[in-house]
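Listed below, chain by chain, are the residues.
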Amino acid sequence: MKKPGNKILRIRGYALALIFIGMGTMYLGVFFREYQWVFSIFLLIGLLPILLSFVIYFWVGLISTRAVTVQCPNCEKHTKILGHVDFCQHCKEPLTIDKELEGEEFSLDYNVEHRRKKAIEEKESEQKK
């Protein structure tokens, strides 16, 4: 099974897909050149995903400035982590910045507050037994 990539890269991938969807929609309008109103509608509909991708790229840029940069222990390259757990951008190694989650089975659910607390409580209860 292919490991998912880093969150920042996945979000950028969705934004890139939106650009191609918008361009494809605009290109479909070329087949309706005779009807100016249909051609215009396709251009406007295609412009919407492109504008949405612009907003997503801007948002990811803002998030990327707040992301924690760590050095991957596997490939020893620097990567940015969003949340408590994420994958390395280069080698897709699972990484965590939460000391309480080290040694646990990797799950992206640990980025959700109540799921992370539940996992930590279960780990502490196992250690007490």
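Along each chain, the written sequence defines residue order, and numbers are assigned to residues from 1. Only residues with pLDDT of at least 70 get local features here, since the model is predicted, and only at 80 or more are side-chain atom pairs given and counted; chain-wide, interface and lining totals rely on the full set of residues. Neither water nor hydrogens contribute to the side-chain values; these are computed over all heavy atoms in the structure.

Undergrad: What exactly am I supposed to notice about the nonpolar core here?
TA: General note: in soluble globular proteins, nonpolar side chains tend to be found buried as a group. Residues enter a nonpolar core if they are buried and are Ala, Val, Leu, Ile, Met, Phe, Trp, Tyr or Cys, with the set joined through side-chain atoms within 4.5 Å. Exposed residues in this analysis have more than 50% of their type's maximum accessible area, buried residues have under 20%, and partly exposed residues fall in between, with area computed by a 1.4 Å probe over protein chains only. Formed by I8, A15, L18, I56, V60, I63, A67 and L82, the largest nonpolar core amounts to eight residues. Counting only elements with at least two residues in this core, the list comes to α1 (7-28) and α2 (36-66). Should any heavy atoms of two residues lie within 4.5 Å, those residues are counted as being in contact. Not counting the four nearest positions on each side in its chain, I8 is found in contact with V60, S64, A67, K80 and L82. In this structure, C72, I81, C88 and L95 belong to the second largest nonpolar core, which totals five residues. Only DSSP runs of H or I reaching four residues or more are called helices, and only runs of E reaching two or more are called strands; each is numbered from the N terminus.

Undergrad: Would you explain unusual backbone geometry in this entry?
TA: Negative phi characterises most residues that are not glycine, and trans characterises most peptide bonds. The backbone of E76 shows a phi angle near 60°, a positive value even though the residue is not glycine. Along the polypeptide, E76 turns up in the loop between β1 (68-71) and β2 (78-81). A relative accessible area of 58% means that E76 is categorised as exposed. Although it is not a glycine, K92 sits at a positive phi angle of roughly 60°. K92 sits in the partly exposed class, given a relative accessible area of 30%.

Undergrad: Is there a simple way to explain a nonpolar patch on the surface in this structure?
TA: Together, Y27, L28, F31, F32, Y35, W37, I41 and I45 line one region of the surface with nonpolar side chains, adding up to about 890 Å² of accessible area. Among the elements of the structure, α1 and α2 are those that each provide at least two residues to the nonpolar patch. Along the chain, Y35 falls in the loop between α1 and α2. Residues qualify for a patch when their relative accessible area is over 30% and they have no salt bridge, like charges being joined within 9 Å and the nonpolar side chains of Val, Leu, Ile, Met, Phe, Trp and Tyr within 5 Å. Only the protein chains shown count as cover for residues, and all accessible areas are computed by the Shrake-Rupley method using a 1.4 Å probe. One speaks of a salt bridge when a side-chain nitrogen belonging to Lys or Arg is within 4 Å of a carboxyl oxygen belonging to Asp or Glu.

Undergrad: Explanation requested: the packing of α1 against α2 in the structure shown.
TA: Fitted lines through C-alpha atoms serve as axes, helices being fitted only where they are in contact, and the angles separating the N-to-C directions of these axes extend from 0 to 180 degrees. The N-to-C vectors of α1 and α2 enclose an angle of 165°; their axes lie 7 Å apart at closest approach. The orientation of α1 with respect to α2, classified from their angle, is roughly antiparallel. Seen from above, α1 lies across α2 with left-handed handedness. The residue inventory of the contact of α1 with α2, partitioned by class, reads 21 nonpolar, five polar and one charged. We call two directions roughly parallel when the angle between them is under 35 degrees, roughly antiparallel when it is over 145, roughly perpendicular when it lies between 65 and 115, and oblique otherwise. By convention the crossing between two helices is left-handed if the near helix lies anticlockwise of the far one by an angle smaller than a right angle, and right-handed if it lies clockwise. The residue classification treats Ala, Val, Leu, Ile, Met, Phe, Trp, Tyr, Cys and Pro as nonpolar and Asp, Glu, Lys and Arg as charged. All others, Gly included, are polar.

Undergrad: Any chance you could explain the side chain of S64 here in plain terms?
TA: Mapped onto the elements, S64 comes out in helix α2. On the basis of relative accessible area, S64 is assigned to the buried category, the value being 10%.

Undergrad: Would you mind going over a negative patch on the surface with me for this structure?
TA: Residues scored as charged are limited to Lys and Arg (positive) and Asp and Glu (negative), so that His and the chain ends carry no count. Charged groups are reduced to one reference atom each: NZ for lysine, CZ for arginine, CG for aspartic acid, CD for glutamic acid. On the surface, a cluster of negative charge is made up of E121, E122, E124 and E126. Summarising the element assignment, E122 is placed in helix α3 (residues 113-128).

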